[in-house]
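# Structural overview
Take a look at the letters that make up each chain.
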Amino acid sequence: MNKNIDFDYFNTLLVQSVGNRVGAIAPTITPSASFGYEDAQQAEGIFAGDVNLPLYARVGNPTNAKLESIVADMEGGLGAIATSSGMGALSMVTTAILGSGDEILCIGGFFGGTYSLVNETMKRFGVSNSFCDVDDYAHIEDRLKSGIKMVIIESVGNPSLRLPKLQEIIDLCNKYETIIVIDNTATPILIRPLTMGADIVVHSSTKNMSGHSSALGGIAVFRAVQEDDKLLNPKYADMHKIVKKMGKKALVAICKKRAMRDMGMSANAFGSFMTMIGLETLALRVERVNKSVEMVADILDTNLPDGVTINHPSLKENPDYEIYKSDFANGCGPLLTIDCGTKIGLLSYSIVSNW
Ligand SMILES: *Cc1c(COP(=O)(O)O)cnc(C)c1O
């Protein structure tokens, strides 16, 4: 799984997909909030979702669309929706699919914002949750059997740096017909969950994808919906109308219609432009950062003062060393943690520059 990542392929894909039809090498920034229609019929078609033209920038914009198509290709998805931030992507996905009375299974530790989204905000709107360790399969299967609607997991836990066996967890979610959302912020290119059978991938593009810290952004990427899809399970009855009407593109439509349109966590054209500029160097940076983080972990690990430990799965004593070698053979992104043994001493370092 993910063993032989062709970084040269991604270098080419991410650079060459930018640009536009008239030959400009840089992507076009279209800041327009609203768009003209040729006639009333065309406008009606756009409103109904039958004509693929921009309607109003809250639900789509040509610059965002360019970014969406590049990231959908990168993740092996059918389509994507760019959002105002990583939290925007997570809010969109959770509010589009869940409602009062539903439950989220949260596997592993979460980024702080995601933790408060599920544990405070979604809870306030009647969505409950349970948390478990990445390898607590008894709990995972128990909650899946009970008929929950969504599982959320990060490809690499921050700051625990626990590595999940993603394929096993994805397979379980498919067995019990449950939507699995994977936050892949730490491992773009390195892990491609949609190609492993996951439903939705989210990123904070603010981090690795941009790499330059000049644009807050997020993106959700979706798989194609099949004719006999698990979304047709009765527990998702409230979405069946959209699934039947929109077919393959149903997950994109569900998020646009049930979250984006009403809540407006939309990306802006300039931010998406900046994200695309960052994407052009993503494959180069990912390869470099992964080598650097292993080197830094190793250097720190051999020079540690008493009471301080360094946590990175590339270190032999790490409990996830074997998974790192087998499932994350090209690295697991820029994070490493240093435990200084006090409450305020747990530091999470992100090596985002090109060391
Ligand atoms: C930063 C981050 C987010 C939130 O993204 P923002 O762009 O800051 O809203 C979500 N998940 C992970 C893993 C992150 O690191």
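The coordinates are above.
Residues numbered from 1 in each chain as written. Predicted model: local features only at pLDDT ≥ 70, side-chain atom pairs only at ≥ 80, totals over all residues. Heavy atoms only, no water.

## So, the sheet that holds strand S7 (residues 218–222)
- Spatial ordering of the open sheet is given by S1-S7-S6-S5-S4-S2-S3, a layout of seven strands whose pairing is mixed. Looking at which strands have only one partner, the edges of the open sheet turn out to be strand S1 (79–83) and strand S3 (128–132). Sheet twist, expressed as the average angle between the axes of neighbouring strands with direction ignored, equals 20°.
- As judged from the five bridges shared by strand S6 (residues 200–204) and S7, these two strands associate in the antiparallel manner. Considered in S7, the bridge of Val-202 is made with Ala-220.
- Of the strands in this sheet, S1, S6 and S7 are in contact with helix H3 (residues 62–75), which crosses S1 at around 130°. (Pairing = 2+ DSSP bridges. Helix = DSSP H or I, 4+ residues; strand = E, 2+ residues; numbered from the N terminus. Axes fitted to C-alpha atoms, helices over the stretch in contact; angles between N-to-C directions. Contact = heavy atoms within 4.5 Å.)

## Things to note about the site of the ligand
- Around the ligand, the structure places Ser-85, Gly-86, Met-87, Phe-111, Asp-183, Thr-185, Ser-204, Thr-206, Lys-207, Leu-216 and Gly-217.
- Between an oxygen atom of the ligand and a side-chain N or O atom of Ser-85, the distance comes to 3.4 Å.
- Here an oxygen atom of the ligand sits 2.8 Å away from a polar atom, N or O, in the side chain of Ser-204.
- Protein contact buries 86% of the 380 Å² of open area that the ligand shows by itself.
- Looking at the shell around the ligand residue by residue, the class counts come to three nonpolar, six polar and two charged. (Near = heavy atom within 4 Å. Polar contact = N/O pair within 3.5 Å; in protein donor to acceptor, adjacent residues only side chain to side chain. Areas by Shrake-Rupley, 256 points an atom, 1.4 Å probe, with all protein chains shown as cover. Nonpolar A, V, L, I, M, F, W, Y, C, P; charged D, E, K, R; others polar.)

## Considering the pattern of salt bridges
- For the structure shown, the criterion picks out 13 salt bridges.
- Note that Asp-135 is salt-bridged to Arg-162, the shortest N-O span being 3.1 Å. With a gap of 27 residues between them, Asp-135 in the loop between S3 and helix H6 (137–145) and Arg-162 in the loop between strand S4 (150–154) and helix H7 (166–175) connect regions that are remote in the sequence.
- Between Arg-223 and Asp-229 there is a salt bridge whose closest N-O contact spans 2.7 Å.
- Given a relative accessible area of 14%, Arg-223 falls into the buried group.
- A single network of salt bridges, built from pairs that share partners, joins Asp-102, Lys-149, Asp-238 and Arg-258. (Salt bridge = Lys/Arg side-chain N within 4 Å of Asp/Glu carboxyl O. Buried < 20%, exposed > 50% of the residue type's maximum accessible area, 1.4 Å probe, protein only.)

## Considering the pairing of strand S5 (residues 179–183)
- Among the five residues in S5, five count as buried, and that is most of the element.
- Alternating residues of S5 divide into Ile-179, Val-181 and Asp-183 and Ile-180 and Ile-182, and every residue in both groups is buried.
- Pairing analysis gives five bridges linking S4 to S5, with the strands arranged parallel. What sits directly across from Glu-154, in S5, is Asp-183.
- Following the chain from S4 across H7 to the adjacent parallel S5, one finds a crossover that is right-handed.
- In this structure, S5 lies alongside S6, joined through three bridges in parallel fashion. Across the sheet, residue Ile-182 finds its bridge partner in S6, namely Val-201. (Right-handed = clockwise from strand over helix to strand, strands pointing away.)

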